[in-house]
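One letter stands for each residue in the lines below.
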Amino acid sequence: MKHHFKKATATLLLLGLVGLCSFWGKRPYDGPEHKNLQVLPKDIKQEKLKAIMDGFCSALNVKCGFCHVRNKETNEWDYAADTKGHKKEARDMMKMTNDLNVKYFGVDLNEENPKVAITCYTCHRGEEHPVFAPKPAQPLLDSLRTIKQ
Ligand code: HEC
Ligand code: HEC
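Residues numbered from 1 in each chain as written. Chains lettered and ligands numbered in written order. Predicted model: local features only at pLDDT ≥ 70, side-chain atom pairs only at ≥ 80, totals over all residues.

1. Regarding the overall build of the protein
Stage number 1. Helix and strand counts for the protein stand at five helices and two strands.
Stage number 2. If you list the helices and strands of the protein from N to C, you get α-α-β-β-α-α-α.
Stage number 3. Looking at the protein as a whole, 3% of its 149 residues are labelled buried.
Stage number 4. Put simply, 34% of the contacts in the protein that link residues at least 6 apart link residues at least 24 apart. (Helix = DSSP H or I, 4+ residues; strand = E, 2+ residues; numbered from the N terminus. Buried ≥ 20, exposed ≤ 12 C-beta atoms within 10 Å, placed from the backbone. Contact = placed C-beta atoms within 7 Å.)

2. Structural notes on the site of ligand 2
Stage number 1. Of all residues adjacent to ligand 2, which total 16 residues, the nearest are Ala90, Met93, Cys120, Cys123 and His129.
Stage number 2. At the level of secondary structure, the elements contributing two or more residues to the shell around ligand 2 comprise helix H2 (46-60), helix H3 (85-105) and helix H4 (120-124).
Stage number 3. Looking at side-chain class alone, the shell around ligand 2 contains nine nonpolar, five polar and two charged residues. (Near = placed C-beta within 6 Å. Nonpolar A, V, L, I, M, F, W, Y, C, P; charged D, E, K, R; others polar.)

3. Some details on the site of ligand 1
Stage number 1. Ligand 1 sits among 25 residues. The nearest are His34, Asn36, Cys64, Cys67 and Tyr79.
Stage number 2. Looking at the shell around ligand 1 element by element, the count peaks at five residues for H2.
Stage number 3. By residue class, the composition of the shell around ligand 1 is 16 nonpolar, five polar and four charged.

4. What about H2?
Stage number 1. With 15 residues, H2 ought to run about 21 Å at 1.5 Å a step, and its terminal C-alpha atoms sit 21 Å apart, in line with that.
Stage number 2. Three or more residues of H2 are buried, namely Phe56, Ala59 and Leu60. Seen from one end, H2 has its buried residues packed into an arc of 80 degrees, which puts them on one side. Pointing more than 90 degrees away from the buried face of H2 are the exposed residues Glu47, Ala51, Asp54 and Ser58.
Stage number 3. For H2, the elements touching its buried residues are H3 and H4.
Stage number 4. Just beyond H2, the residue with positive phi is asparagine 61, at close to 55 degrees. (Expected span 1.5 Å × (residues − 1). Arc of directions from axis to C-beta.)

5. Some points on H3
Stage number 1. If you check H3, its first and last C-alpha atoms are 29 Å apart, about what 21 residues at 1.5 Å a residue would give, namely 30 Å.
Stage number 2. Phi for glycine 106, located one or two positions after H3, is positive at around 60 degrees.

6. Re the environment of lysine 50
Stage number 1. Tracing the backbone shows lysine 50 in helix H2.
Stage number 2. The class for lysine 50 is partly exposed, based on 14 C-beta atoms found within 10 Å.
Stage number 3. Through-space distance from the C-alpha of lysine 50 to that of tyrosine 29 is 6.9 Å; in sequence the pair is 21 residues apart.

Worth remembering: the numbers are spatial, not functional.
Here it is as structure tokens:
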């Protein structure tokens, strides 16, 4: 019974996802080819590019529009445009992350599924600006103050 329920839920989720994609209309990763890839391989598979872009969103906790813009006339997304500084910064970050993996962790990026050591999430942890120092332990300090009184 429980098993069936799980299966049904999974099917529903899947249908939901398919629905969402068709709702999207022209999907962002539809070819014929990507016009402005400077770091990623130009012949990258659509699902791989999607996984990478979804990864950027969750690593920084942002949406596509953080880096990409819509065409002003057609209002369609123009993913190839380099209008936003964030996109250019992201490209530098991709190069840095690749360098760290290759130079310091001996990762072979030419493998089909390289076992990377460093990802955007390693530093960003769901934040636009990575924290670089521990947050002050305010609750602990407060409790110490209470003890003193
Ligand atoms: C943190 C910045 C960032 C976020 C967020 C992001 N992207 Fe990207 N995206 C990039 C960068 C950088 C490139 C170019 C990579 C390169 O030069 O190899 C790119 C390239 C692309 C391309 C290929 C465009 C072309 O023709 O050259 C598509 C399509 C795309 N992104 C879709 C998306 C979608 C859809 C989302 C949201 C789910 C998203 N991106 C979120 C930074 C981002
Ligand atoms: C080694 C740590 C590290 C890694 C790995 C890393 N970043 Fe960053 N990133 C930073 C730091 C530090 C900043 C500067 C933060 C600031 O200005 O407060 C930054 C800034 C950025 C910014 C600019 C944010 C803004 O609002 O100006 C973007 C976009 C970005 N990173 C995207 C990425 C993406 C995409 C990846 C993965 C390909 C990545 N980063 C991997 C450390 C890292």
